[in-house]
Amino acid sequence: MTEHQVSGPIGLYYDEFEIGWSMRTAGRTVRDYEVSAFVALAGFVEPLFLDERQANLGGDGRRVVPGALTLSLAEGLVMQTNTLHHTAVAFLGADVEVLAPVFVGDSIEVQVEVVERRLTSKGDRGLVRTENRVIRDGEVVFNYRPLRMIRCADGS
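Residues numbered from 1 in each chain as written. Predicted model: local features only at pLDDT ≥ 70, side-chain atom pairs only at ≥ 80, totals over all residues. Heavy atoms only, no water.

## Some details on the pairing of strand E5 (residues 125-136)
Here is step 1 of the chain: Counting buried positions along E5 gives 10 out of 12 residues, so the element sits mostly inside the fold.
Here is step 2 of the chain: The pairing of strand E4 (residues 107-119) with E5 spans 10 bridges and is classified as antiparallel. Bridge assignment links Arg118 to a residue of E5, and that residue is Leu127.
Here is step 3 of the chain: Taken together, E4 and the strand that follows it, E5, pair antiparallel across an intervening segment of 5 residues, in which Gly123 is found at a positive phi of about 80°.
Here is step 4 of the chain: The pairing of E5 with strand E6 (residues 139-151) spans 10 bridges and is antiparallel. Following the sheet pairing, Arg136 is matched in E6 by Glu139. (Buried < 20%, exposed > 50% of the residue type's maximum accessible area, 1.4 Å probe, protein only. Helix = DSSP H or I, 4+ residues; strand = E, 2+ residues; numbered from the N terminus. Pairing = 2+ DSSP bridges.)

## Describing the packing of aromatic side chains
Here is step 1 of the chain: Applying the stated criterion to the full structure yields 4 aromatic pairs.
Here is step 2 of the chain: When the ring of Phe44 is compared with that of Phe49, the centres are 6.1 Å apart and the planes differ by 45°; the resulting orientation is tilted.
Here is step 3 of the chain: For Phe44, a relative accessible area of 27% puts it in the partly exposed group.
Here is step 4 of the chain: For Phe49, a relative accessible area of 11% translates into the label buried.
Here is step 5 of the chain: Taken together through their ring pairs, the aromatic side chains of Phe38, Phe44 and Phe49 make up a single cluster. (Phe/Tyr/Trp six-rings, centres within 6.5 Å; stacked < 30°, edge-to-face > 60°.)

## Quick look at the nonpolar core
Here is step 1 of the chain: With 33 residues, the main nonpolar core has Phe17, Trp21, Val35, Val65, Val78, Val110 and Val134 as its most contacted residues.
Here is step 2 of the chain: Of all the secondary-structure elements, those providing two or more residues to this core are helix H1 (32-42), helix H4 (67-79), E4, E5 and E6.
Here is step 3 of the chain: For this core, the element with the most residues is H4, which contributes 5 residues.
Here is step 4 of the chain: Non-local contacts of Val65, meaning those with residues more than four positions away in its chain, are made with Val30, Val35, Phe49, Thr70, Val102, Phe103 and Val104. (Core = buried A, V, L, I, M, F, W, Y, C linked by side-chain atoms within 4.5 Å. Contact = heavy atoms within 4.5 Å.)

## Description of a negative patch on the surface
Here is step 1 of the chain: Negative charge collects at one region of the surface, where Asp15, Glu16, Glu18 and Asp154 lie side by side.
Here is step 2 of the chain: Along the polypeptide, Glu16 turns up in the segment before strand E1 (22-24). (Patch = residues over 30% accessible without salt bridge, like charges linked within 9 Å, V, L, I, M, F, W, Y side chains within 5 Å. Areas by Shrake-Rupley, 256 points an atom, 1.4 Å probe, with all protein chains shown as cover. Salt bridge = Lys/Arg side-chain N within 4 Å of Asp/Glu carboxyl O. Lys, Arg positive; Asp, Glu negative; His and termini not counted. Charge placed at Lys NZ, Arg CZ, Asp CG, Glu CD.)

## Overview of H1
Here is step 1 of the chain: Of the residues making up H1, those classed as buried are Glu34, Val35, Phe38 and Val39. Each buried residue of H1 sits inside an arc of 130° when the element is viewed along its axis, so together they form one side. Facing away from the buried side of H1 by over 90 degrees, the exposed positions are Tyr33, Ala40 and Leu41.
Here is step 2 of the chain: On its buried face, H1 sits against strand E2 (28-29), helix H2 (47-50) and H4.
Here is step 3 of the chain: In the stretch just after H1, Gly43 is the one whose phi turns positive, near 80°. (Arc of directions from axis to C-beta.)

## Details of the pattern of salt bridges
Here is step 1 of the chain: This model, assessed by the stated rule, comprises 11 salt bridges.
Here is step 2 of the chain: Among the ionic pairs, Arg118 bridges to Glu116, the shortest N-O distance being 2.5 Å.
Here is step 3 of the chain: Given the relative accessible area of 27%, Glu116 is considered partly exposed.
Here is step 4 of the chain: A salt bridge links Arg145 to Glu131, with the nearest nitrogen and oxygen atoms 2.5 Å apart. Here Arg145, found in strand E6, pairs with Glu131, found in strand E5; they are 14 residues apart in sequence, far enough to count as distant.
Here is step 5 of the chain: Owing to a relative accessible area of 27%, Arg145 belongs among the partly exposed residues under this scheme.
Here is step 6 of the chain: Overlapping salt bridges bring together Asp106, Arg136 and Glu139 as one network.

Structure (structure tokens):
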């Protein structure tokens, strides 16, 4: 499996997403203020995310990160690769599986692999499904399989 990196202003077209194509994003550390801001903005008023005593699942005083925030941060890491810039048309959905909690202070990165692709009936775009594995310290802690509509290179 060959890993790829995209650095230009235009992302990859449908034609470039071959089955088995993969990449790894940069990493990032989840900070306490990000969890607080997300919980307040999204209305996640659950003691698990607000109360230090409830949030101490790991036993080391660190707050647990909401799964929805982990997904958002992972998608942000994917976007920062420029792989989808100006070529992605739509995010059509995703299957999501939480395997282990992410805590404030954890660093995550995303391993992306194309697992399915097919042209739409219009023929100027295609559907691409990837397996996105969120990795913390070498362990997959979160899995999601987004389906995206991507422009073809010769489409408008």
